[in-house]
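# Structural overview for review
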Amino acid sequence: MKLSENVQKVPTNLRPATRKWFKSVLADYDLDGHHVRLLTLAAEAWDQAQTAREVLDKDGQTFTDRFGQPKERPEIGILQNARISFARLIRELALDGDSAPEAPRTARTADYGRRR
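Here the residue numbering is sequential within each chain, running from 1 through the sequence in written order. In keeping with the predicted nature of the model, local features appear solely for residues at pLDDT of at least 70, side-chain atom pairs appear and are counted solely at 80 or more, and the whole-chain, interface and lining totals rest on all residues. To get the side-chain values, take all heavy atoms of the structure and skip hydrogens and water.

## A closer look at the pattern of salt bridges
- In the sections that follow, a salt bridge refers to a side-chain nitrogen of Lys or Arg positioned within 4 Å of a carboxyl oxygen of Asp or Glu. Evaluated as defined, the whole model comprises seven salt bridges.
- Asp65 is the salt-bridge partner of Lys71, the closest N and O atoms lying 3.9 Å from each other.
- On the basis of relative accessible area, Lys71 is assigned to the partly exposed category, the value being 39%.
- Exposure remark for Asp65: the relative accessible area of 18% places this residue in the buried category.
- In this structure, the salt-bridge partner of Arg73 is Glu75, at a minimum N-O distance of 3.2 Å. There is no split in this pair, since Arg73 and Glu75 are both buried.
- Salt bridges sharing partners connect three or more residues here, namely Lys58, Asp59, Arg73 and Glu75. We call a residue buried when its accessible area falls under 20% of the maximum for its residue type, exposed when it is over 50%, and partly exposed in between, using a 1.4 Å probe and counting protein chains only.

Right, here's the structure in full:
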């Protein structure tokens, strides 16, 4: 079923700017239901990255542990993972005008990297 046949609601857990982006994508593209789910995941990943970025901007990239040693903040990993997720989801949706990949990506196998 195409989106035009089934009006989708913007998730309420998104930040206002992300909700605006989500609405604009829905208005500009005719998405199937499963694509709307991918769009939702992309929007949530974006918000997660923004939240982590805010913490890092406020508290820095490291903290001092109980032994006085500098440690990387967990938000660095959260930011990195959220960015990667967002980029992959957007690529899968092909919102930048490129068509979606013609063939699905194959899963890695035990001989991955040893192919000739």
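Moving on, there is more to tell.
## Quick word on helix 3 (residues 74–93)
- Where helices and strands are cited, they refer to DSSP runs of H or I of at least four residues and of E of at least two residues respectively, numbered from the N terminus. A helix is expected to span 1.5 Å multiplied by its residue count minus one. For helix 3, built from 20 residues, the straight-helix expectation of 28 Å at 1.5 Å per residue is met to within 8% by its first-to-last C-alpha distance of 29 Å.
- Glu75, Ile76, Leu79, Ala82, Phe86, Leu89, Ile90 and Leu93 are the residues of helix 3 that are buried.
- Here, residues are in contact when the closest pair of their heavy atoms is within 4.5 Å. Tucked inside the fold, the buried residues of helix 3 contact helix 1 (16–28), helix 2 (33–59) and strand 2 (70–72).
- At the C-terminal side of helix 3, Ala94 shows a positive phi close to 55 degrees.

## Details of the environment of Thr40
- Here Thr40 lies in helix 2.
- Placed 26 residues apart in sequence, Thr40 and Leu14 show a C-alpha to C-alpha distance of 9.0 Å.
- In this structure Thr40 touches Pro11 and Phe22, once residues within four positions along its chain are discounted.

## So, the packing of aromatic side chains
- For Phe, Tyr and Trp, rings pair up if their centres lie within 6.5 Å, where Trp contributes its six-membered ring, and each pair is then called stacked (planes under 30 degrees apart), edge-to-face (over 60) or tilted (otherwise). According to the stated counting rule, one finds two aromatic pairs in the structure shown.
- An aromatic cluster of at least three residues, connected via ring pairs, comprises Trp21, Trp46 and Phe86.

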